[in-house]
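# Breakdown of the fold
These are the residues of each chain, in order.
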Amino acid sequence: MPGTGVRIQPPVRPHDRREIQMAERGDESLVHTLKKVAAVLKQSEIPFALGGSFAVYAHGGHSSDHDVDFLIREADVERSLEALVAAGFRAERPPEDWLVKVFDEDRMVDLIHRPIETPVTEETFADTVVRPVDAIRMPVLSATQLMVHKLLSFSQHYCDFARGLPLARSLREQIDWERVRKETQHSPYAEAFLVLLDRLEVVPEPGTPAGEETP
């Protein structure tokens, strides 16, 4: 609306944009595996949320990663593995104690119950949006939560800002940046990344009301 300082955004069409990006990346087989896992979890009535790069695509964004991540509660790990193995997947328990893996031939899916050292809870599932992923509707982590997870994954052992920039740029209008700053304020790596975003004018300055442009 002219003169109000509010930006009117066109409707987001995540499904259409995601399909184009998937075709470009040649990930059709991974999408098929993703759909199979989601279908099994749904049929078994196991709560879950799609995370990782495919969640970014579902919101209409871009990612530099190439993975299939589902978030589940720790209490549902055994039931999830049993259901997926019965459906033909191969299960693997890696040394890391925050996830398990299943394989559809050579295609790997991570079932994560403690991302960024924080257990998956009902609150996690409440912070999702139902999106269509190749014609199957499923809960997808919010853009804000995806950004928080990405920033808190940065550490002295892994700090590749190039992997966070596509997510931040492509989903910036859907992200609550004040919440991101608040939930990542204890991380110096997240702080440095947010300073970079500010300098690149990707995000509004701290304290700018939602929906208003920076001068």
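About the criteria used
Residues numbered from 1 in each chain as written. Predicted model: local features only at pLDDT ≥ 70, side-chain atom pairs only at ≥ 80, totals over all residues. Heavy atoms only, no water. Helix = DSSP H or I, 4+ residues; strand = E, 2+ residues; numbered from the N terminus. Buried < 20%, exposed > 50% of the residue type's maximum accessible area, 1.4 Å probe, protein only. Areas by Shrake-Rupley, 256 points an atom, 1.4 Å probe, with all protein chains shown as cover. Salt bridge = Lys/Arg side-chain N within 4 Å of Asp/Glu carboxyl O. Core = buried A, V, L, I, M, F, W, Y, C linked by side-chain atoms within 4.5 Å. Contact = heavy atoms within 4.5 Å. Polar contact = N/O pair within 3.5 Å; in protein donor to acceptor, adjacent residues only side chain to side chain. pLDDT = per-residue confidence, 0-100. Pairing = 2+ DSSP bridges.

A count of helical and extended segments in the protein chain gives 9 helices and 7 strands. Out of the 215 residues in the protein chain, the part that is buried amounts to 45%. Accessible area of the protein chain: about 11400 Å², with a carbon and sulfur share of 52%.

The backbone of E45 sits at a positive phi, close to 55°, despite the residue not being glycine. Mapped onto the elements of the fold, E45 is located in the loop between α2 (28-43) and β1 (49-51). Since its relative accessible area comes to 69%, E45 is described here as exposed. One non-glycine residue, E105, lies in the positive phi region at around 60°. Within the fold, E105 resides in the loop between β4 (99-104) and β5 (107-112). With a relative accessible area of 63%, E105 lands in the exposed category.

A full pass over the atoms with the stated rule returns 17 salt bridges. Ionic pairing is found between D97 and R114, a salt bridge with its closest N-O pair at 2.7 Å. With D97 in the loop between β3 (90-92) and β4 and R114 in the loop between β5 and α5 (122-126), this pair connects stretches of sequence that are 17 residues apart. For D198, the salt bridge goes to R181, with nearest N and O atoms at 3.0 Å. Of the two residues, D198 is situated in helix α9 (residues 188-199) and R181 in helix α8 (residues 177-183); the sequence distance between them amounts to 17 residues. Here D198 falls in the partly exposed class, since its relative accessible area comes to 27%. Here R181 falls in the buried class, since its relative accessible area comes to 15%. One salt-bridge network, held together by shared partners, links K36, D104, E105, D106 and R107.

Attention now goes to the nonpolar core. F70 and L111 are the most contacted members of the largest nonpolar core, which has 57 residues in total. The element best represented in this core is α2, accounting for 7 residues. With near-sequence residues (within four places) excluded, L111 lies in contact with V37, F70, I72, S80, L81, L84, L99, V100 and V102.

Another aspect to go through is the side chain of D110. With respect to the helices and strands, D110 occurs in strand β5. With relative accessibility at 12%, the residue D110 sits in the buried group. Of note is the side chain of D110, whose polar atom sits 2.7 Å from the side chain of K101. Contact partners of D110, with chain neighbours within four places excluded, come to V68, D69, F70, L99, V100 and K101.

Let's shift gears to the confidence of the model for the protein chain. In this model, the protein chain carries an average pLDDT of 86, and 82% of its residues clear a pLDDT of 70 or more. Contacts of residues 1-24 to residues separated by more than four positions or lying in other chains number 39 contacts, the stretch itself having pLDDT below 50. This stretch, residues 209-215, has a pLDDT under 50; its non-local contacts, to residues over four places away or in other chains, come to 10 contacts.

A few words now on the environment of A135. Relative to the elements of secondary structure, A135 occurs in the loop between β6 (128-133) and β7 (136-141). On the accessibility criterion, A135 (66% relative accessible area) is exposed. For A135 and K35, which are 100 residues apart along the polypeptide, the C-alpha to C-alpha distance reads 9.1 Å.

Turning next to the pairing of β4. The side chains of a regular strand alternate, first on one face of the sheet and then on the other. Counting buried positions along β4 gives 6 out of 6 residues, so the element sits mostly inside the fold. Burial along β4 is two-sided: the face carrying L99, K101 and F103 and the face carrying V100, V102 and D104 are both buried. The pairing of β3 with β4 spans 3 bridges and is antiparallel. Bridge assignment links E92 to a residue of β4, and that residue is K101. Taken together, β3 and the strand that follows it, β4, pair antiparallel across an intervening segment of 6 residues. Note that β4 and β5 share 6 bridges and pair antiparallel. Counterpart to L99 in the pairing with β5 is I112. Here β4 folds back onto β5, and the loop between the two strands holds 2 residues, one of which, E105, carries a positive phi near 60°.

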